Structures are given as C-alpha cells and as structure tokens.
Amino acid sequence: MTILSGIFDAISTDEILGSLTWALVIGLIVTGFLGTFLPILPGTTFIFAGTLLHYFLLGMEASGLAWQGLVFITIVYSLSLIVDWFSGAIGAKWFGSSKWGVIGAIAGGIVGLFFGLPGLILGPFLGAVLGEWTLRRQIVEAGRAGAGAWLGIVLGAAAKMALIFVMLGLFVTAYFF
C-alpha cells in the first residue's frame, strides 16, 4: 500500500488532469480527421470540439491559442457545415435544376442521413431526380439534376477536407509557433 501512495504522491492532480485533457483533445482531433474519410463521423465537429476543449480546459495561456485563432477556427468550422449541408443542392442548381430539384437534393440528403453511407451518397441524387421529375417529367433533365447533386457532394467533400486541413493547420500553428 505504501508503494501506491508513493506513486500517487509523486504525480500531482494537475499533471493527471493535463494528461487526460490532452488525451481527450488528441482523441477528438484524430477521430475528426478520420471523419474526413468516413462520412459516418462528423469530422469537422470532432476537430472543433477538440479545439474548444483544448482552449477552455487548459486555459488561454496554457493552450497557446489566442481568442482570435479560436474565432477563425469557428468561422472555418461554420463554412464546413455550410458546404456539407448545401453542396448537393448547389451542384444540382449548377447543372440547371429547378428549385424543386434543389429542394429534392436537400430533402434527399436529410432522409439519406438515416440510411448510413448508401443514404448519404444516394439520397441527394434520388431527391434531386424525384424533385426535378415531378416538375418537368423529363427523365434526362431529372437525371442531369441528380448527377449535379452527386457531383456537388463529391466536390463538397473535397472542399470540406481542405477546410479540415485549414482547421488543423491553425490549431497546430497556434500551439507550436
């Protein structure tokens, strides 16, 4: 028993809490980075949560992250959400879809959330096709809207990945430099 008490006396509570905080922050950031490749995980949300925990649990001085950096990371996070939510609809509109195709792409994306990875991929496509087809009854134009929604999702994922690298770059730069 005296060995355990000696170990606990040698390690302070602040060191334990600091280590646990770092473990949580690193775990959230790594999980967020994996979320860029696995659409089931909300990557930017995990990275943003890790940044917030780092800032508030360690304090501004110890975190090395100024409030301006935190505001900029928050702006980049907000942009990633906008890209994530509207990329399919923007792609459908870019390919000449009507507002019904755009609404269908958004609705298909929301419904697709409940069907895992296939739903995330097919939902906006099918939503744009159905939305456009109900208005124009032309399968070629509806298919074009669906292809635009799918291409928008792919390009949105690439943009989201770039924004994640910006968030990580800001965090690492603020901490180490």
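The structure reproduced in this document is the subject of the present report. The model shown is predicted, which means the values in this text are computed figures rather than measured ones. (Residues numbered from 1 in each chain as written. Predicted model: local features only at pLDDT ≥ 70, side-chain atom pairs only at ≥ 80, totals over all residues. Heavy atoms only, no water.)

**Points about the side chain of Thr51**
(1) Moving on: Residue position: Thr51 is located in helix 3 (residues 43-58).
(2) Moving on: Residue classification places Thr51 among the buried residues on the basis of a relative accessible area of 0%.
(3) Moving on: Among the polar contacts made by the side chain of Thr51, one reaches the main-chain carbonyl oxygen of Ile47 at a distance of 2.9 Å.
(4) Moving on: In this view, Thr51 contacts Leu65, Leu70, Ile73 and Phe171; residues no more than four positions away in its chain are not counted. (Helix = DSSP H or I, 4+ residues; strand = E, 2+ residues; numbered from the N terminus. Buried < 20%, exposed > 50% of the residue type's maximum accessible area, 1.4 Å probe, protein only. Polar contact = N/O pair within 3.5 Å; in protein donor to acceptor, adjacent residues only side chain to side chain. Contact = heavy atoms within 4.5 Å.)

**Some points on the environment of Ile110**
(1) Moving on: If you trace the backbone, Ile110 turns up in helix 6 (residues 99-112).
(2) Moving on: Relative accessible area serves as the criterion here: at 48%, Ile110 is assigned to the partly exposed category.

**Observations regarding the packing of helix 3 against helix 5 (residues 67-94)**
(1) Moving on: The N-to-C vectors of helix 3 and helix 5 enclose an angle of 165°; their axes lie 10 Å apart at closest approach. On the basis of the axis angle, helix 3 is roughly antiparallel to helix 5. The handedness of the crossing between helix 3 and helix 5 comes out as left-handed. Contacts from Thr44, Thr45, Phe48, Thr51, Leu52, Tyr55 and Phe56 in helix 3 reach Trp67, Leu70, Ile73, Thr74, Tyr77, Ser80 and Leu81 in helix 5. (Axes fitted to C-alpha atoms, helices over the stretch in contact; angles between N-to-C directions. Parallel < 35°, antiparallel > 145°, perpendicular 65-115°, else oblique. Left-handed = near helix turned anticlockwise from the far one by under 90°.)

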